[in-house]
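Observations on the model geometry
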Amino acid sequence: MKRVRGLLIVAGCALCFVLTPGTAAAQSYSPGAAGIGDPYFELEGNGGYDVQHYDLTFSYDPATDQLDAVNKITATATQGLSRFDLDLQQLTVKSVDVNGTAASFTRNGQELVITPAAGIANGSTFTVNVRYGGVPKTIVGSPIVFGSPYGFIHTDDGAFMGDEPNATSTWIPLNDHPSDKATWTFRVTVPAGLEVIANGNLVRHTDSGGKSTWVWDEPHPMSNYLATAGIGQWQFKNGTTPGRIPETVAIDPTLLQSNPSSMDFFYDTTAEATDLWNDTFGPYPFDSTGAIADNATYNGQSIGFSLETQTRPLYSAVRSTSTIAHELAHQWFGDSVSVRTWKEIWLNEGFASFAQYLWDEHTGVRTAKEDFKLDYSRKANDPFWDIVVADPQRDTMFARAVYRRGAMTLQALREKIGDEPFFDILRTWAAQHRYGTATTEEFIALSEQISGQDLSNFFQVWLYTPEKPKKW
């Protein structure tokens with residue numbers, strides 16, 4: 001080893017870094033992974049970066065079904081990146097730039113593979129602009145959602161987007177996995193006379209040159225499948241709940257024609273349920289609540305659809321108060337506290353279904369214990385008991401058992417440890433993981449910590465054993 005003009009040279013080394021004394025080692029760059037590592041969706045999400053914000057600008061014309069858009073992504077590199085992927089299905093990419101400089105790109109199935117002009121250093125913040133367009137295609141026939149259409153749904157007067165679990169990439173290039181949360185801005189231009197409602201707060205609405213532009217902003221971290229932008233004719237009602245939480249409800253006028261009381265129904269039920277869960281689960285995690293109720297059809301057939309899009313759930317028709325209570329409970333369990341991988345889905349659906357037990361208690365329909373008994377009354381050979389709740393497998397992740405057995409697990413836990421520690425667990429869970437992600441193992445650990453009990457056998461019976469529980 002010798003020193004020449006201030007450089008450190010290592011003799012006999014086939015591949016060495018050349019350093020000036022006092023400087024850091026040279027940055028290394030490698031491709032980001034094509035998938036985030038979810039066991040149910042191998043290619044959903046991508047590795048090597050963490051998205052901070054999506055600034056989505058798009059125009060949509062229902063007369064042609066054409067979408068033209070640019071998505072500006074602000075992200076932080078979690079490794080030195082020579083290239084990285086986004087998820088995008090079907091639509092045509094026109095150009096990509098990274099940090100303002102044109103980048104090359106290729107397509108490989110749902111993977112949009114982007115190679116920037118220069119490597120992106122680990123820990124640095126970078127921007128990506130993807131210009132794209134086309135006619136978004138609705139996903140149909142998937143066993144995951146029992147064959148129902150989902151993703152970008154073309155309606156008679158516009159569109160709505162219901163994306164769980166893997167369909168946001170039918171209309172947006174992004175890191176399509178719930179574990180990579182980001183804040184969002186939607187800038188949507190539609191023909192004059194149409195209106196737009198999306199997540200968060202309405203920032204601006206302008207009309208010019210036969211076009212109408214709506215800007216909505218969601219300042220709290222959001223999992224991608226919770227993003228929505230409803231386009232069409234809407235009747236709006238704005239106000240606050242009795243608990244002083246801002247509320248916006250948008251209803252398709254055709255629903256009001258067939259059911260004139262539907263606006264008051266959605267508005268009043270949403271307000272009541274939001275305030276109830278605020279008192280039960282802890283402070284409401286977002287800036288506004290509400291509902292989007294669309295008279296949605298696909299190929300002339302009504303769609304049976306409800307989804308917990310962040311801040312205001314999406315409904316494809318007038319639903320029951322229990323359904324509204326379920327979707328609003330997701331604002332805590334699913335939206336604010338989200339799954340780290342999709343096998344944890346009972347943390348969303350079991351918790352929201354347990355909230356329906358509580359809603360039945362609140363409205364005097366049945367006690368939660370009576371709801372538990374109804375679900376438990378299924379015979380031991382019913383296929384309902386065959387699913388492993390904590391790992392239900394991809395094509396059965398939305399099976400009824402995940403919902404109802406998840407609710408039963410929580411009610412059984414409530415009865416085992418008592419109301420005070422049980423509701424302390426739920427409130428602590430919502431507070432500790434606010435705007436983040438969580439796992440079943442973390443919930444079990446918290447339950448044992450707060451209850452002071454060894455609950456390993458209890459959770460083994462309820463979450464990991466594919467048979468009807470007999471003792472716990």
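Everything below is about the structure printed above this text.
These notes cover the structure that comes with them. Not measured: the values here are computed from a predicted model. (Residues numbered from 1 in each chain as written. Predicted model: local features only at pLDDT ≥ 70, side-chain atom pairs only at ≥ 80, totals over all residues. Heavy atoms only, no water.)

Observations regarding the overall build of the chain
So the rule is basically this: Helix and strand definitions follow DSSP, with helices as H or I runs of at least four residues and strands as E runs of at least two, each counted in order from the N terminus. Relative accessibility under 20% of the residue-type maximum defines a buried residue, over 50% an exposed one, and the middle range a partly exposed one, all with a 1.4 Å probe and only protein chains included. By definition, residues are in contact when any of their heavy atoms lie within 4.5 Å. Only four residue types enter the tally: Lys and Arg on the positive side, Asp and Glu on the negative side; His and the chain ends are excluded. In this description, the location of a charge corresponds to atom NZ of lysine, CZ of arginine, CG of aspartate or CD of glutamate.
A tally of helices and strands in the chain yields nine helices and 27 strands. Dimensions along the principal axes, computed over C-alpha positions, put the chain at roughly 85 × 65 × 40 Å. Across the 472 residues that make up the chain, the buried fraction comes to 55%. Here the contacts in the chain between residues at least 6 apart in sequence split such that 67% fall between residues at least 24 apart. Separation between the mean location of the 35 positive side-chain charges and that of the 54 negative ones in the chain comes to 5 Å.

Topic: the sheet that holds strand 24 (residues 306-307)
Selection criterion: Whether two strands pair depends on DSSP finding at least two bridges between them. The angle between two axes is taken between their N-to-C directions and runs from 0 to 180 degrees, where each axis is a line fitted to C-alpha atoms and a helix contributes only its stretch in contact.
Judged by pairing direction, the sheet is mixed, and its five strands sit side by side in the order 19-20-21-25-24 without closing on themselves. What marks the edges here is a single partner per strand, and that holds for strand 19 (235-240) and strand 24. Across two bridges, strand 24 lies against strand 25 (residues 314-315) in antiparallel orientation. Across the sheet, residue S306 finds its bridge partner in strand 25, namely Y315. Packed onto the sheet, helix 2 (residues 262-281) meets strand 19, strand 20 (246-251), strand 21 (289-293) and strand 25 and runs at close to 150° relative to strand 20.

Remarks on the pairing of strand 6 (residues 81-87)
When you tally the buried positions in strand 6, you get five out of seven residues, the bulk of the element. Bridge count between strand 3 (residues 30-31) and strand 6: two bridges; the pairing is parallel. The residue bridging S30 from the neighbouring strand is L81, located in strand 6. Direction of pairing for strand 6 relative to strand 10 (residues 111-115): antiparallel, over a ladder of four bridges.

Considerations on the environment of A291
Residue placement: A291 occurs in strand 21. Using a relative accessible area of 0% as the deciding quantity, one classes A291 as buried. Taking the C-alpha atoms as reference, A291 lies 8.2 Å from T311; in sequence the two are 20 residues apart. What A291 contacts, discounting residues up to four positions off in sequence, is T248, V249, A250, F266, T270, R312, P313 and Y315.

Brief notes about the sheet that holds strand 9 (residues 104-108)
Read from one edge of the open sheet, four strands run 3-6-10-9, paired in mixed fashion. At either margin of the open sheet sits one strand with a lone partner, and together these are strand 3 and strand 9.

Notes on the nonpolar core
Note the following rule: The definition of a nonpolar core used throughout is a set of buried Ala, Val, Leu, Ile, Met, Phe, Trp, Tyr and Cys residues joined through side-chain atoms within 4.5 Å.
Core analysis: the biggest nonpolar cluster contains 138 residues, and F58, F126, F186, W277 and F443 have the highest contact counts within it. The contact partners of F126, leaving out residues within four places of it in the chain, are Y49, I73, T74, A75, T76, A77, L81, F84, V98, N99 and I120.

Focus: the pattern of salt bridges
Just so we agree on the cut-off: Every case where a carboxyl oxygen of Asp or Glu lies within 4 Å of a side-chain nitrogen of Lys or Arg is listed as a salt bridge.
Per the stated rule, a full pass over the model turns up 13 salt bridges. Notably, a salt bridge pairs D55 with R187, separated by 2.7 Å at the nearest N-O pair. Of this pair, D55 sits in strand 4 (residues 49-61) while R187 sits in strand 14 (residues 182-191), and the two are 132 residues apart along the sequence. Residue D55 is classed as buried on the basis of its relative accessible area of 17%. One salt bridge in this structure joins R340 and E442, with 3.2 Å as the shortest N-O distance. Linking R340 in the loop between strand 26 (338-339) and helix 4 (346-363) with E442 in helix 8 (residues 440-451), this pair joins segments that are 102 residues apart in sequence.

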